[in-house]
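# Survey of secondary and tertiary structure
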Amino acid sequence: MQFNGELMNLLNKLKRREFLRRVLTLIGGGVILNLLPSFLKKGIAQKIKRSKLVTVYHHLASDGTGGKDNSNLNDEVIKYMINEGVKAFTGKDNVNEAWSVIIPDISKRVAIKINCQITGIYTKAKVVKPLIDSLIQLGVKPENIIVYDMTDKAFSYAGFIKNQGPGVKVGIVDDYGGYHRFFYNRLTKILTGGLLHSDNKYYCDYLINVPVLKALDGYSGVTLSMKNHYGSIGNPGSHHDDMMTYLPELNGLPYIRDKTQLIVMDAVFVEYKWINGRDQKHIDSLNKIMISDDPVAIDNAGWKLIDEKRKQHGLNPVLPEPVYIQRAAKMGLGTDKPELVDLDLGA
C-alpha cells in the first residue's frame, strides 16, 4: 500500500510537470524570460555556446545570364559550396561525418522549412537538394524528410514538385496535418505533432531552416531565418503590427529553437528592395550560401548584406530597422558576434 501511494504521488508530480511544460510553451519563451529575475536572464545568456557563421562564395553559383530563378543555378557548384560549408561549420573533413554531427539520430524525421511565398525570390530546389542527398546518404529514410512552406506559390519557379507519395515529402503545411487553432501558438503540427505525437504521422524531430535573402520594407526590414517561420504558424497576418516583438518569441518556442539543427541561407540572389509578386528588378546576384545554427548571427549578417546592396543602388538602409535581431539576442537566442568563416571557392 505504501508503494502504491508513492507511485501515485510520483505520477501526479509528472502530470504537473507536463502541464507546466505545456503552459510555458503556450505562453511563449520570450514572455517567460521577461518575467525572470535579471541574474537568471544573465545565466541563460551565458549558457549560449560559441556561435559560428560560415559564408561560402563561388562566382559560378549562378550562370551569369541575368536570370534569377532555380534554373539559373549550377547544380554541381551549389552542391560543392554546401558540402564545403557544412564541413567548415562542423569542423569535419568528411561530409558524412559533418552531417552525423548535425543529425545525431538518423531514425528521426527531419523537416526542411523553405520560403516559397513570393514568386520574385524564394528558396531554390537546387539549394535544398544537396541537403536532402546528404541526409539520405547519412541514413535518414527518404519518407522521413518533409520539405514544407505555408504556400506553394513559387514552387514552379523554385523547382519544387509536390509529393505526398513514397519518398521525400514536398508540400504545404495543410498537406501534413495543418496548424493548431488553440495550442502551441498555432504552430504547424509538423513541429508539434499535436497534443500527442501520435496525432500526426508527419511529426518531425529535427528542423533545417532554408530561408532566402530579401528585404521586407515596411514590416520587419528584412525577412531572413526568423521571419521564415511565419510560414510555420497559421495566423501570420495577426502578427504584422507586433512583428518586432513576436519574431523573437516565436523563434524562442522550443518546437523551433530546440529542433533547429541547421540554418542554410540561400543567398545566391538577394532582393535588396521588397516587391510582392513576380517582379525581379531589385534582385542582384551574390553567389553565396550562409550556414549557421544561430538565427541571430545569420539574420544580422544577412541584414548587413542587404544594406550594402541598397547603398550600392543609392538606397537608404532598410526601414524599419530590424530591431527584432537585437531583441532575440537579449532573449538568448544567439549572438551578433559569432566566429566568422569565409570560404571563397571560386578562386
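Use the structure listed above.
Figured I'd write up the structure that's included with this text. (Residues numbered from 1 in each chain as written. Predicted model: local features only at pLDDT ≥ 70, side-chain atom pairs only at ≥ 80, totals over all residues. Heavy atoms only, no water.)

### Concerning helix α4 (residues 75-90)
Formally: Helix and strand labels come from DSSP, where a helix needs a run of H or I of at least four residues and a strand needs a run of E of at least two; each type is numbered from the N terminus. For a helix, the expected span equals 1.5 Å multiplied by the residue count minus one. Relative accessible area decides the class of each residue, using a 1.4 Å probe on protein chains only: under 20% of the type maximum gives buried, over 50% gives exposed, and in between gives partly exposed. Any two residues whose heavy atoms approach within 4.5 Å are treated as being in contact.
When the terminal C-alpha atoms of α4 are compared, their 23 Å separation across 16 residues agrees well with the 22 Å that a helix rising 1.5 Å per residue should span. Among all positions in α4, only V77, I78, M81, I82, N83, G85, V86, K87, F89 and T90 are buried. As for α4, its buried residues are in contact with β1 (52-57), α5 (95-102), α6 (125-138), β8 (260-271), β9 (283-292) and β10 (339-344). At the C-terminal side of α4, G91 shows a positive phi close to 80°.

### A short note on the pattern of salt bridges
Put simply, the rule is: Here a salt bridge means any side-chain nitrogen of Lys or Arg lying within 4 Å of a carboxyl oxygen belonging to Asp or Glu.
Evaluation of the coordinates by the stated rule reveals 12 salt bridges. D149 serves as the salt-bridge partner of K113, at 2.7 Å between the closest nitrogen and oxygen. Here K113 is found in strand β2 (residues 110-113), whereas its partner D149 is found in strand β3 (residues 145-149), with 36 residues between them in sequence. Since its relative accessible area comes to 0%, K113 is described here as buried. With a closest N to O distance of 3.4 Å, K337 and D336 form a salt bridge.

### Some remarks on unusual backbone geometry
In this chain, L319 is followed by P320 through a cis amide linkage whose omega measures -5°. Take P320: it is sitting in the loop between α11 (295-312) and α12 (324-330). Non-glycine residue N287 carries a positive phi angle of around 60°.

### Details of the environment of V173
Along the chain, the position of V173 falls in the loop between β4 (169-172) and α8 (189-192). The class of V173 is buried, set by a relative accessible area of 0%. Sequence spacing of V173 and I233 is 60 residues, and the spatial spacing of their C-alpha atoms is 9.3 Å. Setting aside residues no more than four positions away along its own chain, V173 makes contact with Y148, D149, M150, G178, Y179, T188 and G231.

### Some remarks on the side chain of R310
In this structure, R310 sits in helix α11. Using a relative accessible area of 7% as the deciding quantity, one classes R310 as buried. Each residue touching R310, except ones within four places of it in the same chain, is listed here: A215, D217, Y272, K273, L315, N316, P317 and V318.

### A few points about the pairing of β9
Formally: Paired strands are those between which DSSP finds at least two bridges.
The buried fraction of β9 amounts to eight of the 10 residues, a majority that puts the element mostly inside the structure. Where β1 meets β9, four bridges bridge the pair, whose relative direction is antiparallel. Bridging across to β9, V54 finds its partner in I291. Note that β8 and β9 share eight bridges and pair antiparallel. The residue of β9 that forms the bridge with E271 is I283.

### Here we look at the packing of α4 against α6
Counted only if it meets this: Comment: axis = line fitted to C-alpha atoms, over the contacting stretch for helices; angle = value between 0 and 180 degrees taken between N-to-C directions. In what follows, roughly perpendicular refers to angles from 65 to 115 degrees, roughly parallel to angles under 35, roughly antiparallel to angles over 145, and oblique to any angle outside these ranges. Each helix crossing is assigned a hand: it is left-handed if the near helix lies turned anticlockwise from the far helix by less than a right angle, otherwise right-handed if that turn is clockwise. All amino acids are sorted into three groups, where Ala, Val, Leu, Ile, Met, Phe, Trp, Tyr, Cys and Pro are nonpolar, Asp, Glu, Lys and Arg are charged, and the leftover types, Gly among them, are polar.
Relative orientation of the contacting elements α4 and α6 amounts to 55°, with a least axis distance of 9 Å. Taken together, the axes of α4 and α6 lie oblique to each other. The element α4 and its partner α6 pack so that their crossing is right-handed. Judged by residue contacts, D75, I78, K79, I82 and N83 of α4 engage K126, V127, P130, L131 and S134 from α6. Residue classes in the contact of α4 with α6 are distributed as five nonpolar, two polar and three charged.

### Side note on the nonpolar core
As a reminder of what qualifies: Here, nonpolar core means buried Ala, Val, Leu, Ile, Met, Phe, Trp, Tyr and Cys residues that are tied together by side-chain atoms lying within 4.5 Å of each other.
Among the nonpolar cores identified, the biggest contains 49 residues, and W99, I112 and F160 are the most heavily contacted of them. In terms of residues, this core owes the most to one element, α6, which gives seven residues. When sequence neighbours within four positions are dropped, the list of residues in contact with W99 reads V86, L131, S134, L135, L138, I208 and L262. Listed in part, the 47 residues of the second largest apolar core include Y176, Y202, L213 and M331.

### Thoughts on the packing of aromatic side chains
Here is the rule we go by: Working definition: rings of Phe, Tyr and Trp (its six-membered ring) pair if their centres are within 6.5 Å, and the pair is stacked with planes under 30 degrees apart, edge-to-face with planes over 60 apart, and tilted otherwise.
Enumeration over the complete set of coordinates arrives at four aromatic pairs. Their ring planes at 75° and their centres at 4.9 Å tell us that Y176 and Y202 sit as a pair that is edge-to-face. Pair noted here: Y176 is in the loop between β4 and α8 and Y202 is in the loop between α8 and β5 (206-209), with a separation of 26 residues, a long-range link. Since its relative accessible area comes to 16%, Y202 is described here as buried. Ring geometry for Y219 versus W274: centroids 5.9 Å apart, planes at 85°, classification edge-to-face. Linking Y219 in the loop between β6 (212-216) and β7 (221-223) with W274 in the loop between β8 and β9, this pair joins segments that are 55 residues apart in sequence. For Y219, a relative accessible area of 34% corresponds to the partly exposed category.

### Some words on the packing of α4 against α5
It is at 9 Å that the axes of α4 and α5 come closest, and there the two elements cross at 60°. The orientation of α4 with respect to α5, classified from their angle, is oblique. Crossing angle aside, the handedness with which α4 passes α5 is left-handed. Along the contact surface, α4 presents N83, V86, K87 and T90, while α5 presents V95, A98, W99, V101 and I102. The residue makeup of the contact of α4 with α5, split by class, is six nonpolar, two polar and one charged.

Functional significance is not addressed by these values, which are geometric in nature.
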